[in-house]
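Remarks on the overall topology
Here are the chains, one letter per residue:
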Amino acid sequence: MKAFYTNNNGLIEIPKWTPNCWINIEDPSETEKKYLLEELQIPEAFYNDIEDIDERPRIEIEDGWTLIIMRVPIKSNDIKLPFQTIPLGVIFKGDICVTITFYKTEIIHDFMLYSKRKNIQVKDNLDWVLRLLLSSSVWYLKYLKQVNQKIKLAEDNLEKSIKNEELQALLQIEKCLVFFITSLKANDVLFQRIKNLKAYKADYDLDLLEDVEIELSQAQDTANIYSNILTGMMDAYASVISNNMNNIMKQMTSISIILMIPTLIASLYGMNVPNGLEESKYGIWILLLVSVVLSAFGVFLFKRRRWF
């Protein structure tokens with residue numbers, strides 16, 4: 001999907017390209033790819049880099065074109081991975097500025113509405129990149145709140161009964177947090193590189209730089225806190241499962257020992273040697289009584305020691 005926006009007290013969509021407008025393309029089709037590579041003549045290597053789902057945030061310059069890649073969060077349709085991060089590329093040269101992502105994301109639309117409410121004026125391409133970094137950090141925090149709700153829900157379910165489904169849900173959340181933490185660290189490195197570009201230092205909005213730094217730091221800290229909570233929770237439940245297994249093994253051992261008592265008595269009685277009961281018509285009843293009494297005594301001892 002291709003859209004053009006101009007900066008007029010906020011971002012306003014326009015029907016076609018004009019100089020210094022912003023071109024946003026999500027999930028590009030073959031026609032839109034041809035438009036980017038043939039009409040705008042952006043380097044094909046830049047396009048291919050953004051298409052790679054595992055591409056890391058960085059700055060690259062080629063033939064006067066500048067590529068800045070950051071990682072932004074999205075809500076996934078994959079049940080096994082409810083949240084993940086994707087590369088978003090900003091490519092600019094002269095009066096051309098393009099953002100490309102190969103997945104649908106809420107960040108661009110949300111930023112467009114926010115810019116209208118706040119009458120935001122984007123000064124230049126790097127100012128635009130910084131505002132995208134700020135918006136992505138805010139969305140990381142929004143999704144982290146949803147991740148926290150999923151952790152609480154899984155915890156409530158585990159308190160009722162420890163099932164594989166709840167444990168797998170925690171593993172899925174843990175994977176999401178790993179993606180978030182890794183991407184936020186990479187975005188922070190990218191931000192520090194942009195912040196220290198000597199050619200643009202004098203033109204930066206210091207308040208905007210501070211906002212980006214605060215939101216990035218807050219998102220990283222929040223992700224790390226939730227990850228530590230989740231790790232501690234999984235370790236605790238692993239200990240509970242191990243303890244339950246030990247209790248079950250104790251009970252099984254106790255039962256096998258108790259069942260061994262009548263087996264031992266019957267084996268001794270069945271030996272082909274005189275035992276004083278071979279001629280007695282009450283011999284079998286005596287053996288049963290002794291077996292029951294000894295087994296009951298064994299159960300009593302095990303219960304006193306709380307092995308049952």
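Conventions adopted
Residues numbered from 1 in each chain as written. Predicted model: local features only at pLDDT ≥ 70, side-chain atom pairs only at ≥ 80, totals over all residues. Heavy atoms only, no water. UniProt positions renumbered as here; feature names shortened; annotations may be inferred. Helix = DSSP H or I, 4+ residues; strand = E, 2+ residues; numbered from the N terminus. Buried < 20%, exposed > 50% of the residue type's maximum accessible area, 1.4 Å probe, protein only. Contact = heavy atoms within 4.5 Å. Areas by Shrake-Rupley, 256 points an atom, 1.4 Å probe, with all protein chains shown as cover. Patch = residues over 30% accessible without salt bridge, like charges linked within 9 Å, V, L, I, M, F, W, Y side chains within 5 Å. Salt bridge = Lys/Arg side-chain N within 4 Å of Asp/Glu carboxyl O. Lys, Arg positive; Asp, Glu negative; His and termini not counted. Charge placed at Lys NZ, Arg CZ, Asp CG, Glu CD. Pairing = 2+ DSSP bridges. Arc of directions from axis to C-beta. Axes fitted to C-alpha atoms, helices over the stretch in contact; angles between N-to-C directions.

- The protein chain has the name Magnesium transporter CorA in an unreviewed UniProt entry, where Flavobacterium frigidimaris is given as its organism.
- According to the UniProt record, the Subcellular location (unreviewed entry) comment for the protein chain is "Membrane".

1. Quick notes on the overall build of the protein chain
- Of regular secondary structure, the protein chain possesses seven helices and seven strands.
- The 308 residues of the protein chain split such that 41% are buried.
- Excluding contacts between residues fewer than 6 apart, the proportion of contacts in the protein chain whose partners are at least 24 apart in sequence is 64%.
- Accessible surface, the protein chain: about 17,800 Å² in total, of which carbon and sulfur atoms supply 56%.

2. What about a nonpolar patch on the surface?
- A cluster of nonpolar side chains, contributed by Tyr282, Ile284, Trp285, Ile286, Leu288, Val290 and Leu294, occupies part of the molecular surface with about 670 Å² of accessible area.
- Mapped onto the elements, Leu288 comes out in helix α7 (residues 283-304).
- The exposure class of Leu288 is partly exposed, given its relative accessible area of 43%.

3. Quick look at a positive patch on the surface
- On the surface, Arg117, Lys118, Lys142 and Lys145 cluster together into a positively charged patch.
- Every element with two or more residues in the positive patch is listed here: α3 (107-118) and α4 (125-160).
- Along the chain, Lys118 falls in helix α3.

4. So, helix α1 (residues 30-39)
- For α1, every residue scored as buried is listed here: Glu32, Tyr35, Leu36 and Leu37.
- Packed against the buried residues of α1 are β1 (2-7), β3 (22-26), α2 (44-51) and β7 (96-101).
- Looking one or two residues past α1, Gln41 carries a phi angle of roughly 60°, positive in sign.

5. Overview of the pattern of salt bridges
- Taken as a whole and assessed by the stated rule, the structure comprises five salt bridges.
- Asp49 is the partner of Arg58 in a salt bridge, and the nearest nitrogen-oxygen pair spans 2.5 Å.
- Residue classification places Asp49 among the buried residues on the basis of a relative accessible area of 18%.
- Here Arg58 makes a salt bridge to Glu55, at a shortest N to O gap of 2.2 Å.
- When its relative accessible area of 14% is taken as the criterion, Glu55 is described as buried.

6. Topic: the pairing of strand β2 (residues 11-14)
- For β1 and β2, the ladder comprises four bridges, and the chain directions are antiparallel. Across the sheet, residue Tyr5 finds its bridge partner in β2, namely Glu13.
- The turn joining β1 and β2, which pair antiparallel and follow one another in sequence, is formed by three residues; a positive phi near 50° is taken by Asn9.

7. Topic: α2
- Of the positions making up α2, those classed as buried are Phe46, Tyr47, Asp49 and Ile50. Taken end-on, α2 shows its buried residues confined to a sector of 160°, consistent with a single buried face.
- Contacts made by the buried residues of α2 are with α1, β4 (58-62), β5 (65-75), β6 (83-93) and β7.

8. Regarding the sheet that holds β7
- The seven strands lie next to each other as β2-β1-β3-β7-β6-β5-β4, forming an open sheet whose pairing is mixed. Among the strands making up the open sheet, the edge pair consists of β2 and β4. In this sheet, adjacent strand axes meet at a mean angle of 30° when their direction is disregarded.
- In this sheet, β7 lies alongside β6 in antiparallel orientation, the contact comprising five bridges. Bridge pairing links Val90 to Thr99 in β7.
- Contacts from α2 reach β4, β5, β6 and β7 within the one sheet, and its direction differs from that of β5 by about 15°.
- Sheet strands in contact with α3 are β1, β2, β3, β5 and β6, and its direction is about 115° off that of β2.

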